[in-house]
Amino acid sequence: MTTTDLPATGLRARHRAVLPAWLATYYREPIELTHGEGRYVWDAEGNRYLDFFGGILTTMTAHALPEVTKAVAEQAGRILHTSTLYLSSAMVELAEQIAALSGIPDAKVFFTTSGTEANDAALLLATTYRRSNQILALRNSYHGRSFSTVGITGNTTWSPTSLSPLQTLYVHGGVRDSGPYARLTDAEFIAACVTDLKEMLGQAEGTVAALIAEPIQGVGGFTHGPDGLLAAFKEVLDQQGILWISDEVQTGWGRTGDHFWGWQAHGRAGPPDVLTFAKGIANGMSMGGVVARAQVMDCLGANSISTFGGSPITCAAALANLHYLLEHDLQANARRTGTLLRAQLEAARLESPIVREIRGRGLMLGVALTDAAAATAVLEHARSLGLLIGKGGRAGDALRITPPLSLTEDEAREGADLLIEALRRAAAGTEVAA
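Given the structure is predicted, the values throughout are model-derived calculations rather than measurements. (Residues numbered from 1 in each chain as written. Predicted model: local features only at pLDDT ≥ 70, side-chain atom pairs only at ≥ 80, totals over all residues. Heavy atoms only, no water.)

Along the backbone of the protein chain there are 13 helices and 15 strands. In terms of C-alpha radius of gyration, the protein chain reaches 21 Å, essentially the compact-globule figure of 22 Å for 434 residues. Taken along its principal axes, the extent of the C-alpha atoms in the protein chain is 60 × 55 × 45 Å. The 434 residues of the protein chain split such that 55% are buried. Considering only intrachain contacts with a sequence separation of at least 6, the fraction spanning at least 24 residues in the protein chain is 74%. In the structure as shown, the protein chain presents an accessible area of about 18,900 Å², 53% of it carried by carbon and sulfur atoms. Looking at the protein chain, you have 35 positive and 44 negative side-chain charges, and the mean spots of the two groups are 3 Å apart. (Helix = DSSP H or I, 4+ residues; strand = E, 2+ residues; numbered from the N terminus. Rg over C-alpha atoms; globule rule 2.2 N^0.38 Å. Buried < 20%, exposed > 50% of the residue type's maximum accessible area, 1.4 Å probe, protein only. Contact = heavy atoms within 4.5 Å. Areas by Shrake-Rupley, 256 points an atom, 1.4 Å probe, with all protein chains shown as cover. Lys, Arg positive; Asp, Glu negative; His and termini not counted. Charge placed at Lys NZ, Arg CZ, Asp CG, Glu CD.)

Another point: the packing of helix H4 (residues 89–102) against helix H10 (residues 312–327). At a closest axis distance of 9 Å, the pairing of H4 and H10 adopts a crossing angle of 40°. H10 is crossed by H4, and the crossing has left-handed handedness. For the pair H4 and H10, contact is made by Ala90, Met91, Glu93, Leu94, Gln97 and Leu101 and by Cys315, Ala318, Leu319, Leu322 and Leu326, respectively. (Axes fitted to C-alpha atoms, helices over the stretch in contact; angles between N-to-C directions. Left-handed = near helix turned anticlockwise from the far one by under 90°.)

Before going further, it helps to examine the sheet that holds strand S15 (residues 398–401). The strand order S11-S12-S15-S14 describes an open sheet built from 4 strands, whose pairing is antiparallel. The open sheet has two edge strands, strand S11 (355–361) and strand S14 (390–392), and neither has a second partner. Averaged over neighbouring strand pairs, the angle between their axes works out to 25° when direction is ignored. Strand direction decides the pairing type here: S14 and S15, joined by 3 bridges, are antiparallel. Looking at the pairing, Gly390 lines up with Arg400 of S15. Taken strand by strand, helix H11 (residues 330–349) contacts S11, strand S12 (364–369) and S15, and its axis lies near 170° from that of S11. (Pairing = 2+ DSSP bridges.)

With that out of the way, let us pick up H4. Given 3.6 residues to a turn, an α-helix orients residues that are three or four positions apart in the same direction. Counted at 1.5 Å a residue, the expected span for H4 with its 14 residues is 20 Å, and the 20 Å between its end C-alpha atoms agrees. Those residues of H4 that fall on the buried side of the exposure criterion are Ala90, Met91, Leu94, Ala95, Ile98, Ala99 and Ser102. Angular distribution of buried residues about the axis of H4 spans 155°; they occupy a single face of the element. Seen from the buried face of H4, the exposed residues on the opposite side, beyond 90 degrees, are Ser89, Glu96 and Ala100. Where H4 is buried, its residues touch strand S4 (107–112), strand S9 (274–277), strand S10 (288–293) and H10. (Expected span 1.5 Å × (residues − 1). Arc of directions from axis to C-beta.)

Written as structure tokens, this is what we have:
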């Protein structure tokens, strides 16, 4: 008997036997997703779910989007791989479009295979350009799983080692609803965080390379400071030539509804020097990248290539996906359906004893709960009702709501109703259905 002949019920045991113990899965009884269409997915047992997580914000437009699957299939029939040692018209075209959309003047683009690798490359650029290994990061942040990005991740749940090639200095600003500045007005909060930043720069006694910040903290539970905070930071950073890296792995491509990039909520002082992206750009294909001012991007003195970054097949997917996103104005749809969804969740918050706060914007919404146990219970109840959501927060006490950006208003209402019912069942201590 081959492994493919083994019953599906043994898949979890096989997973445990050959994959790392630290590779987390959702649910008391993990599920295998086998196919999807639009905003829905099906598991191996034939159960249908409304997908409000999108493979961790990665199925950005829709499951099995015809335009993307067609582009991938056609490219796969020609050639799958070449590497950056050869010219690629698809890679150049995609880079041109992303550079123009980024808002960064004189921009160049480097493609990677993930957000982790994109942030890793951004750190390499910043530390080389500034000749410094000092990095400023926000508390409660998450920037990836590589050795360097773990070292700048402020959310200790996702940081397995304190060893790092970088000296990381953490500043306030990512969390609005807790900590010493929680009761301040937005203007007072920004002023206090700027003071903290200046104090940290004074203590650093060196040339800091860059500040890296998520406009909305993804894994951190969709927390964020007031609009304009990062602009106020940039005004201080610019005085010393310190770079601003905007980690747009989760906030990019119009997901927040109000802006195409998260940094634009903080754009008063101009665009970031470096922008990183990944997740949804290729609608599930493995792609990330860095956009930077040419002077910063070209600062590396050694040769380099990318074996898989910007491959023909991922670029084909990304070009088709980006065209669909822009042609159908999915940013506006995220704003419209996100507003509807948030209104229903805000109404439910007033009646639920386990909901503390609704966070985020557009189709990047967070539901902060009383504790991690409540979040786990809601996650399980939502699955049993036919809704997939995510979880995050430093204490694992926040729900993450990130449907594909083509979500319809009817689907937004359906998902809200299912989530509200899951919250009700969790608050009542109802046993989770099998």
